[in-house]
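# Residue-level structure breakdown
Chain by chain, the residues:
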Amino acid sequence: MPISHSFSFIFLGHPCRVELHTDNADAATLLHRYQAMFPAFSDGADAAPRFTVRIHDVAARPATVAADDPVFPALRNYFDAGYDITNQELVAQICSPEFVPDTAARNQVLAALEKDSQQGLSLQKDFLVCSDRSAGVVDAYADVASSLKEAWAFHVLNFFKIFFFAMGAVRLHGSGATSGQRALLFLANTGGGKSTMKDLFLRETPEARPFTDDSIMALRTKDGFHLYQDPVEFMRWCYLPDDALEEHVIPEPRQPISIAPAIYYLHQGDETSWHTCDPEDIFERVNQEAFFQQGFLTQRFIPQPGSATYLEDYFANTRLLLADCHCALAAVKHHDDYGTLFAKWRDELGLGGNDSQ
């Protein structure tokens, strides 16, 4: 099927392209809105893409591959050997003519199976993913109409993380505030208060600017780590109707930050207090979060081949990033007086008001 829509982006400083191979007109709606709302992620995107994600709509392709074709047991064996997948219903669904409907799709899967040291196969809900890191290409097969009912646009953009993590990037689950080249990151497990505390702090500190709301990308370079806003996070605003956007503080896309940030890992407590900690204390906590677990990372973002090595590098890069940061643990009491804590955070951003504890 020819390309129905093509979108060019600049993500983490690299030209990226999404190609949609589908007759479904709704598939492009959110990506068009994303480009209209955040043109900074498309500036300069006329350059040849370094990374390309191609989405193939299997619903629009008649099934001509037989259900007993030998490609399907080979594909199941590949998944059994390379991943710890407990959802066998999903495996059975993916390893069928529903997702490998015709000769073109079958040949691509077979090529990946035969070149298993170069190309990879992975699966997630709604997608069979063929990836080639060296070529900078992901081919993802999906029933687009069904996938549109889920977090379709998030999944499409998230495929670029297959390349970014292979380049030495890590992701932190947290929100952030900035002042110039200084950054203050609030990390927490789900429900830990990172977004709430960020919003309260920004309300009290208008000279600071929002950086992210839920996700930060850090890319390792020869000069150290650069902090980027996770471009996928901005898609959340594209799902909201226009009249609801006014209720939210939406970060402006900005250039990356090269100065090591201050990081506060938040948790709920009986009183508000904080103390400087060893970076390993932060690492141990983020290591308990769902995103950082091996089964999740390798199935979605660090697929075969070589996933064990890439995952080891991911852990090592996370430790390297944290080692350069000012790290602290903070207990936060609900509905407390945060004046002293906010003064400390303003000091972290170079805005004065240090009343450290």
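Residues numbered from 1 in each chain as written. Predicted model: local features only at pLDDT ≥ 70, side-chain atom pairs only at ≥ 80, totals over all residues. Heavy atoms only, no water.

In this structure, P305 follows Q304 across a cis peptide bond, with omega equal to 0°. Structurally, P305 is set in the loop between α12 (294-300) and α13 (307-323). Phi at H335 takes a positive value of approximately 55°, unusual for a residue other than glycine. Within the secondary structure, H335 sits in the loop between β14 (326-332) and α14 (339-348). According to the relative accessible area criterion, H335 is exposed, its value standing at 70%. (Helix = DSSP H or I, 4+ residues; strand = E, 2+ residues; numbered from the N terminus. Buried < 20%, exposed > 50% of the residue type's maximum accessible area, 1.4 Å probe, protein only.)

Their axes nearest at 11 Å, the elements helix α2 (residues 71-82) and helix α4 (residues 103-114) cross at an angle of 45°. Our classification of the angle between α2 and α4 gives oblique. When you trace α2 past α4, the crossing you get is left-handed. Between α2, through V71, A74, L75 and Y78, and α4, the contact on the second element is made entirely by R106, V109, L110 and L113. For the contact of α2 with α4, the per-class residue count stands at 7 nonpolar, no polar and 1 charged. (Axes fitted to C-alpha atoms, helices over the stretch in contact; angles between N-to-C directions. Parallel < 35°, antiparallel > 145°, perpendicular 65-115°, else oblique. Left-handed = near helix turned anticlockwise from the far one by under 90°. Contact = heavy atoms within 4.5 Å. Nonpolar A, V, L, I, M, F, W, Y, C, P; charged D, E, K, R; others polar.)

Enumeration according to the criterion identifies 0 disulfides in this entry. Distance from the sulfur of C327, which forms no disulfide, to the nearest cysteine sulfur (C277) is 5.4 Å. Residue class for C327 comes out buried when judged on its relative accessible area of 2%. (Disulfide = S-S within 2.5 Å.)

Before going further, it helps to examine the nonpolar core. Counting 71 residues, the largest nonpolar core has Y34, I55, L157, F160 and I282 as the members making the most contacts within it. Once residues lying within four places of it in the same chain are set aside, the contact partners of F160 are F11, C16, R17, V18, F51, T52 and V53. The next biggest cluster of nonpolar side chains, apart from the first, holds 24 residues, and it includes Y78, F79, I85 and I94. (Core = buried A, V, L, I, M, F, W, Y, C linked by side-chain atoms within 4.5 Å.)

A few words now on the layout of surface pockets. Rolling a probe over the atoms, with the probe sized like a water molecule, indicates the empty space that remains. The calculated volume of the largest pocket comes to roughly 420 Å³. Lining of the largest pocket is provided by 21 residues; of these, N158, K161, R171, D214 and F291 occupy positions nearest its centre. For the lining of the largest pocket, the element with the highest residue contribution is helix α6 (residues 152-158), accounting for 3 residues. The residue makeup of the lining of the largest pocket, split by class, is 7 nonpolar, 6 polar and 8 charged. As for the second largest pocket, its lining consists of 14 residues, of which I10, A40, F41, R254 and Q255 are closest to the centre. For the lining of the second largest pocket, the secondary-structure elements that each account for two or more residues are β1 (5-11) and β11 (224-229). In the lining of the second largest pocket, the residues fall into 9 nonpolar, 3 polar and 2 charged. (1 Å grid on protein atoms, 1.4 Å probe; cavity = no way out; pocket = protein on both sides within 12 Å on 5 of 7 lines; lining within 4 Å. Points joined across faces, edges and corners; volume = space filled by probe spheres on them.)

None of the figures reported here should be taken as evidence of function without further support.
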